[in-house]
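Next come the chains, spelled out residue by residue.
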Amino acid sequence: MRSKIPSFIMIPSLLSVIIFMFYVFFISYNHISYFTHPITIFFFIIITGLLYVLESINNLIFIRKLNFISKEERKKIFEENEGNYFYRFYRFIFYNSEKLNHDRVKKIDHGFDGIIELDNKIPMWWLHLFYLTIVFSAIYFFSYLLIDFSNPYKEYDITYKNQLKEIELFEKNTPQVTIKNAFFKKNLINSGKILFEENCATCHKSDGSGNIGPNLTDDYWINVKEKDLFKNIFYIIWNGSENNPTMRAFGNLGEIKGNDIEKISSYVYFINQKSKKPLSGKNPQGLKIKEWNKI
């Protein structure tokens, strides 16, 4: 007859397994919000009560069984149940139940080198860790086959859809910048540089010195639509260039959002106003403008 596992260990352990199963189910079908639903919480309360009733019945059965065993077996069980449970559990995990006795251990004689090897039992901690990996692999395998919990393709699909919803919500709650309320912001330069390299560097080079597109670091401008330099940059990115169809209307076409255009414009304005210009730049194109506000 085995020793009894205390109720304060058994009930929380079983309840944890049940909660984890529900968590796996809800997260697999993207219904994790149901996990904190009042009905789910009420269900867990009922389950806890049922586990307590079952554990009480189990205790009564254990006490009844004690009356049908010999005094020696009963004494052995009482001795096993003495002391702190967690200490007994620690000994069960890391130590063999039988005391090591080298006289009883099988000895393997190598013969030719005079070395005698003791054929000890596998350590309990290693054995339990091996059992744990088997249980984990079984749960993972059946989760992959039956639900979406461990399916990487389903997880990617769910995550992708959630990100699209978050982006849509963010854009709904964060109005996009227009040319009326767009201003140069120093804190947007670094993010604007990244966007510039992704969208504009092919024509203007990453430093803005110009390639097939004009040099953005000099004082010459082909398109002059605004009296303010920053707003003129924003206008061209949004509406494109009338003189060059290659410079299309990124904003009007919806290719780049207003907030991102403000970031790119901040970076272009920054490299244009820097005193240190690129060593080699494309030849000037357009009109030379020194003072924008006087146009």
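On a predicted model such as this, the values are computed, not experimentally measured, just so you know.

Considering the overall build of the protein chain
Assigned secondary structure in the protein chain consists of 10 helices and four strands. Each helix and strand of the protein chain, ordered N terminal to C terminal, gives the series α-α-α-α-β-β-α-α-α-α-β-α-α-β. Per-residue burial over the protein chain gives 25% buried out of 295 residues. Look at the contacts in the protein chain between residues 6 or more apart in sequence, and 61% of them connect residues 24 or more apart. Split by element, the accessible area of the protein chain, about 21800 Å² in all, is 62% carbon and sulfur.

Some details on the packing of helix H7 (residues 189–199) against helix H10 (residues 258–273)
Axis separation between H7 and H10 bottoms out at 7 Å; the angle between their running directions is 100°. If you check the angle between H7 and H10, you find them roughly perpendicular. Contacts between H7 and H10 pair Ile189, Ser191, Gly192, Lys193, Leu195 and Phe196 from the former with Asp260, Lys263, Ile264, Ser266, Tyr267, Val268 and Phe270 from the latter.

Focus: the UniProt feature "transmembrane region" (unreviewed entry) in the protein chain
Summarizing the sequence annotation, UniProt attributes the feature "transmembrane region" (unreviewed entry) to residues 7–29, 35–54 and 125–147 in the numbering used throughout. As annotated, residues 35–54 comprises 85% helix and 0% strand, and the C-alpha atoms at either end are separated by 25 Å. Secondary structure content for residues 125–147 is 96% helix and 0% strand, while the C-alpha to C-alpha distance between its ends is 32 Å.

Re the packing of aromatic side chains
Given two aromatic rings, their pairing is described by the distance between the two centres and the angle made by the two planes. The full count for this structure, using the stated rule, is 13 aromatic pairs. With centroids separated by 6.3 Å and ring planes inclined at 15°, the aromatic side chains of tyrosine 156 and tyrosine 160 adopt a geometry described as stacked. Here tyrosine 160 and tyrosine 156 lie together in helix H6 (residues 152–173), a separation of four residues that amounts to about one turn. Residue tyrosine 160 is classed as partly exposed on the basis of its relative accessible area of 41%. With 4.9 Å between their ring centres and 45° between their planes, phenylalanine 184 and tyrosine 269 make a pair best called tilted. Residue phenylalanine 184 is located in the loop between H6 and H7, and its partner tyrosine 269 is located in helix H10; the two are separated by 85 residues in the primary sequence. Look at tyrosine 269 and you get partly exposed, because its relative accessible area is 24%. Among the aromatic residues, those joined into a ring-pair cluster are Phe22, Phe43 and Phe44. A cation over a ring is seen here: lysine 231 above phenylalanine 183, with NZ or CZ 4.7 Å from the ring centre.

Let's talk about the side chain of asparagine 223
Structurally, asparagine 223 is set in the loop between strand E3 (220–221) and helix H9 (229–239). You can call asparagine 223 buried: its relative accessible area is 9%. Polar side-chain contacts of asparagine 223 include one of 3.1 Å to the side chain of asparagine 243. Ignoring sequence-local partners within four residues, the contact set of asparagine 223 consists of Asn232, Ile236, Ser241, Glu242 and Asn243.

So, the side chain of aspartate 218
Of note, aspartate 218 is situated in the loop between helix H8 (201–204) and E3. Lacking a salt bridge, the buried aspartate 218 has lysine 277 as its closest oppositely charged neighbour, with an N-O distance of 7.6 Å. A distance of 3.2 Å separates a polar side-chain atom of aspartate 218 from the backbone nitrogen of tyrosine 220. If we ignore the near neighbours within four places in the chain, the residues touching aspartate 218 are Asn272, Lys282 and Pro284.

Structural notes on the nonpolar core
One finds Phe196, Trp221, Ile233, Ile237, Ile264 and Val268 to be the most contacted residues of the largest nonpolar core, which totals 22 residues. The set of elements that each furnish at least two residues to this core consists of H7, H9 and H10. Sequence-distant contacts of tryptophan 221, that is, excluding residues within four places in its chain, are made with Leu216, Leu229, Asn232, Ile233, Asn272, Gln285, Gly286, Leu287 and Trp292.

Focus on the confidence of the model for the protein chain
Confidence in the prediction for the protein chain averages 83 pLDDT; 89% of positions are at 70 or higher. Looking over the protein chain, one finds the lowest element-wise mean pLDDT in helix H4 (residues 85–94), namely 67, and the highest in H9, namely 95.

Quick look at helix H2 (residues 38–66)
Taking 1.5 Å as the rise per residue, H2 with 29 residues should run 42 Å; its terminal C-alpha atoms sit 42 Å apart, in good agreement. Along H2, the positions that sit buried rather than exposed are Thr40, Phe44, Ile47, Leu51, Glu55, Phe62 and Leu66.

Regarding the state of the cysteines
The final tally for this structure, using the stated rule, is zero disulfides. We note that cysteine 200 lacks a disulfide partner, and the nearest cysteine sulfur, in cysteine 203, lies 8.3 Å from it. The exposure class assigned to cysteine 200 is buried, which follows from its relative accessible area of 14%. Exposure remark for cysteine 203: the relative accessible area of 22% places this residue in the partly exposed category.

Reading guide: rules and limits
- Residues numbered from 1 in each chain as written.
- Predicted model: local features only at pLDDT ≥ 70, side-chain atom pairs only at ≥ 80, totals over all residues.
- Heavy atoms only, no water.
- Helix = DSSP H or I, 4+ residues; strand = E, 2+ residues; numbered from the N terminus.
- Buried < 20%, exposed > 50% of the residue type's maximum accessible area, 1.4 Å probe, protein only.
- Contact = heavy atoms within 4.5 Å.
- Areas by Shrake-Rupley, 256 points an atom, 1.4 Å probe, with all protein chains shown as cover.
- Axes fitted to C-alpha atoms, helices over the stretch in contact; angles between N-to-C directions.
- Parallel < 35°, antiparallel > 145°, perpendicular 65-115°, else oblique.
- UniProt positions renumbered as here; feature names shortened; annotations may be inferred.
- Phe/Tyr/Trp six-rings, centres within 6.5 Å; stacked < 30°, edge-to-face > 60°.
- Lys NZ or Arg CZ within 6 Å of the ring centre and 35° of its normal.
- Polar contact = N/O pair within 3.5 Å; in protein donor to acceptor, adjacent residues only side chain to side chain.
- Lys, Arg positive; Asp, Glu negative; His and termini not counted.
- Salt bridge = Lys/Arg side-chain N within 4 Å of Asp/Glu carboxyl O.
- Core = buried A, V, L, I, M, F, W, Y, C linked by side-chain atoms within 4.5 Å.
- pLDDT = per-residue confidence, 0-100.
- Expected span 1.5 Å × (residues − 1).
- Disulfide = S-S within 2.5 Å.

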